[in-house]
Amino acid sequence: MPGIRFDSSESELVFLNPFNNFAEETHTVTVRRDPLLGDISVYNFRLRDKVEFFFGDCDVELIERLVEESARNCIFCGDTIERSTPRYPQRLVPEGRIKIGEAILFPNLFPVGKYHSVIRLSKAHFLNLTEFSPQIIGDGLRAAQQFVNAVYRQDHSASFVAVNANYLFPAGATLVHPHLQMLITPIAYSYHERIIQACRAYYQENGSGYYSDLLEEEKDLGSRYIAQTGKWHWLTAFSPMGNNEVFAVHEEENDFGALSEIDLTDIAIGVSKVLAFYGRLGHMSFNYSILSARDPFSEEGFHCLLKMISRQNLYPNYRNDDYFLQKLLHSELIINLPEDLAIKLRELFLGPNN
Ligand SMILES: [Zn+2]
């Protein structure tokens, strides 16, 4: 595939290790570049030894305490949600809030976009990562899509949708209760915009769509391609943007508002599996975003896509997993090789012996 390049380079470095009588030690640092955006990630095999320093184990007692204390004043629990969360004007949402299954969509009290909704996902105040069922995630996405289409009908400037999840405080959530946050905006926010612009540049240069080419190339290579759920293709990222990145690309649709009922079910099935996988790796906190753009972006190769990452574990005095490398240099550290993750995820999606 002429347009897709998986660039990586290696550097060797030497120092005298105080924990081994100052013996000379050689490290190899591999630098990978994202084939669309050029974003850098780095991998050093020896950092595996430091994983416990980077990611301590989740403190179960701390989590239990956090859940119990936060449940006392939770505005998403029980009937409180009816009294304590805002409603949309009738002209936009006739009932004020959109309810599907356990999901309830309402405006964010502190919006950061032209339309900024919160979607409470479950009645339960806390869910383990194995408890985010396809039903719970799917109903949240169905509520999100219903609102997107209500906005589309009234506001032609609303072109960009980002459906986002923050779970627990290492991921930036202020409330424990499982929820999504969705932005519908006339301007795509930075990373979203970079992807759209890069797809356009790729299309102009190659005469083909980036994501169609990527899926073809990754399927051929096989080392990062995980599986398909309906029209969604699941992969690990060559140069991830966060810990244990898994992403999914819809094979044709660019607009979240136009996804079919089956598409929403199929993405929810995958999200549920990946969250269970993060749980199996010992993680509990995560972020994900579904990015969408209305036409004409389909003609430039942009597809509706999902990006998921795990975040730092919960324990007292926990270390933030974004340090200078991520926050200021916009580069990422690879803890688990994407190709190794894909092997494990393939088993989870397809069963053993695939
Ligand atoms: Zn709650």
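Our structure's up above, just so we're on the same page.
Residues numbered from 1 in each chain as written. Predicted model: local features only at pLDDT ≥ 70, side-chain atom pairs only at ≥ 80, totals over all residues. Heavy atoms only, no water.

## Brief notes about the coordination of the zinc ion
Around a metal, the perfect tetrahedron of four donors has angles of 109.5 degrees, and the perfect octahedron of six donors has angles of 90 or 180 degrees.
So, step 1. Looking at the zinc ion, the protein donor atoms are C74 (SG), C77 (SG), H125 (ND1) and H177 (ND1), and they sit 2.1 to 2.3 Å from it.
So, step 2. Classification of the site at the zinc ion rests on its four donor atoms, whose angles at the metal span 104 to 120°, yielding the label tetrahedral.
So, step 3. The sequence pattern describing where the donors of the zinc ion fall on their chain is C-x2-C-x47-H-x51-H. Taken together, the residues H125 in the loop between β6 (115-120) and α4 (134-154) and H177 in the loop between β7 (160-167) and β8 (179-185) connect sequence positions 52 residues apart. Of the two residues, H125 and H177, neither departs from the other in class, the shared state being buried. (Donors = N, O, S within 2.8 Å, 3.2 Å for Na, K, Ca; no water. Tetrahedral: all angles 85-135°; square planar, octahedral: opposite > 155°, others 65-115°. Helix = DSSP H or I, 4+ residues; strand = E, 2+ residues; numbered from the N terminus. Buried < 20%, exposed > 50% of the residue type's maximum accessible area, 1.4 Å probe, protein only.)

## Focus on unusual backbone geometry
So, step 1. Even without being glycine, F22 reaches a positive phi, approximately 55°.
So, step 2. One can find F22 in the loop between β1 (8-17) and β2 (23-33).
So, step 3. For N317, which is not a glycine, the phi torsion comes out positive at approximately 55°.
So, step 4. As for its position among the elements, N317 is in the loop between β13 (305-310) and α8 (324-327).
So, step 5. Assessed through its relative accessible area of 77%, N317 is described here as exposed.

## Digging into the packing of helix α5 (residues 190-206) against helix α6 (residues 210-221)
So, step 1. Packing of α5 against α6 brings their axes to within 9 Å, and their N-to-C directions diverge by 80°. Compared by their axis directions, α5 and α6 come out roughly perpendicular. Touching I195, C199 and Y202 of α5 are Y210, Y211 and D213, all from α6.
So, step 2. When grouped by side-chain class, the residues that make up the contact of α5 with α6 number five nonpolar, no polar and one charged. (Axes fitted to C-alpha atoms, helices over the stretch in contact; angles between N-to-C directions. Parallel < 35°, antiparallel > 145°, perpendicular 65-115°, else oblique. Contact = heavy atoms within 4.5 Å. Nonpolar A, V, L, I, M, F, W, Y, C, P; charged D, E, K, R; others polar.)

## Re the pairing of strand β10 (residues 232-236)
So, step 1. For β10, the tally of buried residues reaches five of five residues, placing the bulk of the element in the interior.
So, step 2. Taken together, the five bridges between β10 and strand β11 (residues 243-250) define a ladder with antiparallel strand orientation. Note that in β11 the partner of H233 across the bridge is V249.
So, step 3. A loop of six residues connects β10 with β11, the two strands running antiparallel in sequence. (Pairing = 2+ DSSP bridges.)

## Some words on helix α2 (residues 60-72)
So, step 1. Helix length check: α2 (13 residues) gives 19 Å between terminal C-alpha atoms against 18 Å at 1.5 Å per residue, within 8%.
So, step 2. Residues of α2 that are buried: L62, I63 and V67. Around the axis of α2, the buried residues are gathered within 135° of arc, so they sit on the same side. Relative to its buried face, α2 has exposed residues pointing more than 90 degrees away, namely E61, E64, E68 and R72. (Expected span 1.5 Å × (residues − 1). Arc of directions from axis to C-beta.)

## Brief notes about the environment of P86
So, step 1. Along the chain, the position of P86 falls in the loop between α3 (80-84) and β4 (98-100).
So, step 2. Residues P86 and R311 lie 225 residues apart in sequence; the distance between their C-alpha atoms is 29 Å.

## Observations concerning the environment of S260
So, step 1. Looking at where S260 falls in the secondary structure, it is placed in the loop between β11 and α7 (261-280).
So, step 2. We classify S260 as partly exposed; its relative accessible area is 32%.
So, step 3. Expressed as a C-alpha distance, the spacing of S260 and L337, which sit 77 residues apart in the sequence, is 33 Å.

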